[in-house]
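Spelled out from the first residue to the last, the chains are:
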Amino acid sequence: MKKSKPLFVYDDQLLSYKFHENHPFNQQRLRMTVELLQAWDVLLDSQLVAPVAATDEQLLLNHSAEYVEMVKKAGIYASEHGGQTDRNDDGNGYDVPDLFTSHGLGTEDTPMFEGMHKVAALIAGGSILIGDRVMKGEIEHGVNFSGGLHHAFEDRASGFCVYNDASVLIHHLVKNYQAKVLYIDTDAHHGDGVEASFYQSLEVMTVSIHETGRYLFPGTGFVSDRGAGKGYGYSVNIPMDAFTEDESWLDAFQQVMERVFSFFRPDVIVSQHGCDAHWFDPLTHLCLTTESYRRIPQWIHEWAHTYSEGRWIALGGGGYDIWRVVPRAWAMVWLAMNDLPIEDRAMPEAWLNKWQALSPEKMPQSLFDRQEWFKEIPRRPEIEQKNRQTVAQILRFFP
Amino acid sequence: MQVRQIMSQRFACISPGDTMQQARTVMLSKKVRHLLVLENDRLAGLVSDRDIRDVFPSTLESPEQHREIIETPVEKFMSRMVITIHPNDYIEEAAMLLYENNIGSLPVMDGDEIVGIITMKDILHAMIELTGLHTHGSTIKVLVPDRPGVLAEVAEVFKRHRMSINSVMVSYPESERRQLSFRIDTMYPQQVVKEINERGFEVVWPPKEGNYEKK
């Protein structure tokens, strides 16, 4: 049976996953990505699919009933108190009862907003939708860039994430298809929520490459964190030093992934495509360029065909320079997934004109970055050396 | 943090008349490096793995040759001048005693009663906890002048933003200023960093914002 072309989850409703005007997490990047791909004529209307909200039962695969209840209440509380918990000029919003903050809701990172349950469930539903289509063999690959909310825990919101759609999806794949799942997380922040969900599982292997937790949120994901119980060895962490650049990062990623694939043969790959490790990203200190964001999806695409019969579900994630980084990085995931060549090309003029009018930064004119945009890193040899040592230490653990 | 919070309440002990061989067996089986020597429930001495190694015959010799030695009672080579500590003492005092006397453990004594033992490893573990290595969050390092109230001024910024401080450490990288290292429960420290800078303190991590400047 000839499989259909990859699917792309999108619906304007997804843009309502919005904490407040000044919050760094801005889903406008979804629309920008869709319009960019449409301008290039590589995203057909028939490839767009609207998500269906995850049911409570599905959310409970990863979250406690108490937490789901609290998220629902938080949305109602926010609407009764004027929508979003944005801070006023004096720095104080309305008081959030401890009931919520003890679940990470109504914090500075993850404020409460009207309808938060509905849209967070929609995001999780989008990831499940792609998962079902892939496992039923209708498509080989699909993407839900609104997902990849990897910091949410069983009973706690964290780091801009309400429901952990990646964990919900993986639980769904294990439960309904008895699948062996490999989760690959290239966000600059450690994929702590997903790791925690499957820390003791050997059906699910998680790999996270991120900026070291020594300074950066969430402060976890050390080399020695390798899973527990029967899942020992099935969690892999690759902490990169601050200011790591493409070459060193790609080298580490490739070396470890090759060992991962010879150790664990997955039925399906779930990848998280946070693109906040880019030079321009304001939240992190890694120094990747579009070179990495070209190679990551190309490699994963190849691995999917070599090791998991093509089954690959891609998700979004972090990415806080929505003007200069996210649309280009995610466009490359889509190009790779559709088996289209990823070559440098000019950004579409109409698209650029529309978004440049809103952007505080001068937007790049080409798909690929130019080396002259970036400064030289003075400590490069030291950083590369440290990363090589980290990789050697990780590889020692493999049988 | 008090010694009682991190000491081990389970400790291995032997009697002064027990042999070196017995002492060695207890150490190996209980995986400890220090044995308390008790006589009538009173602390009479301490035997460390180094004491054993100092007097243990070469393993290259035949058992016949060293039978007499390994049957030496521990009272012959145990340390009698044992440095101890009280459960209410602070762990930094315990650390100082270990450091200054070049020893590895301290029996914890409440009067005449032995209530536990604290080892170098316990101190290391406590240090890992105190530095906040295992706490969640983003690290913010600030250089501040050495004057009263300065910590509160910085902490007030976190309070305004309803951010929990999971850990805080003070160090002295230069003579005029102190460095405060905070572990803050947030993924987005950039706004508070800006405000701390605006208050005239120097944030040394994360590096300044801006496209190229931040690197």
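Model, not experiment: these values are computed from the prediction.

Thresholds, definitions, all that
- Residues numbered from 1 in each chain as written.
- Chains lettered and ligands numbered in written order.
- Predicted model: local features only at pLDDT ≥ 70, side-chain atom pairs only at ≥ 80, totals over all residues.
- Helix = DSSP H or I, 4+ residues; strand = E, 2+ residues; numbered from the N terminus.
- Rg over C-alpha atoms; globule rule 2.2 N^0.38 Å.
- Buried ≥ 20, exposed ≤ 12 C-beta atoms within 10 Å, placed from the backbone.
- Contact = placed C-beta atoms within 7 Å.
- Core = buried A, V, L, I, M, F, W, Y, C linked by C-beta atoms within 7 Å.
- Pairing = 2+ DSSP bridges.
- pLDDT = per-residue confidence, 0-100.
- Nonpolar A, V, L, I, M, F, W, Y, C, P; charged D, E, K, R; others polar.
- Axes fitted to C-alpha atoms, helices over the stretch in contact; angles between N-to-C directions.
- Expected span 1.5 Å × (residues − 1).
- Arc of directions from axis to C-beta.

Caption draft 1: Fine view of the overall build of chain A. When helices and strands are counted, chain A shows 12 helices and eight strands. Since a compact globule built from 399 residues should have a radius of gyration of about 21 Å, the 20 Å found for chain A is in line with a globular shape. Dimensions along the principal axes, computed over C-alpha positions, put chain A at roughly 50 × 50 × 50 Å. By the burial criterion, 54% of the 399 residues in chain A qualify as buried. Counting only contacts in chain A whose residues sit at least 6 apart along the sequence, the fraction spanning at least 24 positions is 75%.

Caption draft 2: Just the environment of L99(A), in detail. Tracing the backbone through its elements, the reader meets L99(A) in helix 4 (residues 98-101). As a C-alpha pair, L99(A) and M70(A) span 29 residues in sequence and 8.2 Å in three-dimensional space.

Caption draft 3: Fine view of the nonpolar core. One finds A120(A), Y163(A), Y183(A), V270(A) and W334(A) to be the most contacted residues of the largest nonpolar core, which totals 117 residues. Broken down by element, this core gets its largest block of residues, 11 residues, from helix 5 (residues 116-135) of chain A. By size, the runner-up hydrophobic cluster in this structure holds 13 residues, among which are I140(B), V142(B), M163(B) and L180(B).

Caption draft 4: Geometry of the pairing of strand 8 (residues 177-184) of chain B. Residue and element names in this part refer to chain B. As defined by bridge partners, strand 6 (residues 138-145) adjoins strand 8 across eight bridges and the pair is classed as antiparallel. Bridging across to strand 8, K141 finds its partner in S181. Of the pairings in the sheet, the one linking strand 7 (residues 165-171) to strand 8 comprises six bridges and is antiparallel in character. Each residue of the ladder has a partner; that of I165, found in strand 8, is I184.

Caption draft 5: Summary view of the confidence of the model for chain A. The share of residues in chain A with pLDDT of 70 or more is 97%, and the mean pLDDT across the chain is 95. Across residues 88-92 of chain A, where pLDDT falls below 50, the model places four contacts with residues more than four positions away in sequence or in other chains.

Caption draft 6: Structural detail: the interface of chain B and chain A. Contact with chain B, which involves 21 residues of that partner, is made by 21 residues of chain A. In the side of chain B that touches chain A, the residues fall into seven nonpolar, nine polar and five charged.

Caption draft 7: Structural context of the sheet that holds strand 4 (residues 181-185) of chain A. All names here are of chain A. Strands sit in the order 2-1-3-8-7-4-5-6 across an open sheet of eight strands; the sheet is parallel. Two strands in the sheet have a free side with no partner beyond their single neighbour: strand 2 (48-49) and strand 6 (235-240). One ladder, built from two bridges, connects strand 1 (residues 7-9) with strand 3 (residues 141-144); its direction is parallel. Within strand 3, the residue paired with F8 across the bridge is V143. Here helix 5 sits on the sheet in contact with strand 1, strand 2, strand 3, strand 7 (268-272) and strand 8 (312-315), set at roughly 180° to strand 3.

Caption draft 8: Examining the pairing of strand 5 (residues 113-119) of chain B more closely. Residues and elements named next belong to chain B. With six bridges joining them, strand 4 (residues 105-110) and strand 5 adopt antiparallel strand pairing. From the neighbouring strand, M109 faces strand 5, where its bridge partner is I114. Linking strand 4 back to strand 5 in an antiparallel pair, the connection comprises two residues, with G111 at a positive phi of about 65°.

Caption draft 9: Looking closely at the environment of D56(A). Position of D56(A) relative to the elements: it lies in helix 2 (residues 56-59). Residues D56(A) and L44(A) lie 12 residues apart in sequence; the distance between their C-alpha atoms is 32 Å.

Caption draft 10: Expanded view of the sheet that holds strand 9 (residues 202-205) of chain B. Residue and element names in this part refer to chain B. The antiparallel open sheet is built from four strands, whose spatial order is 7-8-6-9. Of all the strands in the sheet, the pair left with one neighbour each is strand 7 and strand 9. Averaged over all neighbouring strand pairs, the angle between strand axes comes to 25°, with direction disregarded. Here strand 6 pairs with strand 9 via three bridges, running antiparallel. Within strand 9, the residue paired with V142 across the bridge is V203. Strand contacts of helix 7 (residues 150-160): strand 6, strand 7 and strand 8, with the helix running at about 145° to strand 6, the strand carrying the most contacts.

Caption draft 11: Here's a closer look at helix 6 (residues 165-177) of chain A. Residue and element names in this part refer to chain A. Over its 13 residues, helix 6 runs 17 Å from end to end, which matches the ideal 18 Å to within 8%, given 1.5 Å per residue. All of the buried residues along helix 6 are D165, A166, S167, V168, L169, I170, H171, H172 and L173. In the stretch just after helix 6, Q178 is the one whose phi turns positive, near 45°.

Caption draft 12: Structural context of helix 12 (residues 380-396) of chain A. All names here are of chain A. In this model helix 12 runs 25 Å from its N-terminal to its C-terminal C-alpha over 17 residues, within 8% of the 24 Å that 1.5 Å per residue would give. Burial in helix 12 covers these residues: N387, T390, V391 and I394. The buried residues of helix 12 all sit within an arc of 95° when viewed along its axis, so they share a single face. Structural note: helix 12 exposes P381, E382, Q389, A392, Q393 and R396 on the side pointing more than 90 degrees away from its buried face.

Caption draft 13: Focus on unusual backbone geometry. The omega torsion across F217(A) and P218(A) is -5°, close enough to zero to call that bond cis. Tracing the backbone through its elements, the reader meets P218(A) in the loop between strand 5 (204-211) and strand 6. Cis geometry is found at the peptide bond from W205(B) to P206(B), where omega equals -5°. Along the polypeptide, P206(B) turns up in the segment after strand 9. A positive phi angle is found at Q178(A), which is not glycine, with a value near 45°. Positive phi is not limited to glycine here, since N102(B) has a value of about 55°. Note on placement: N102(B) falls in the loop between helix 5 (91-101) and strand 4.

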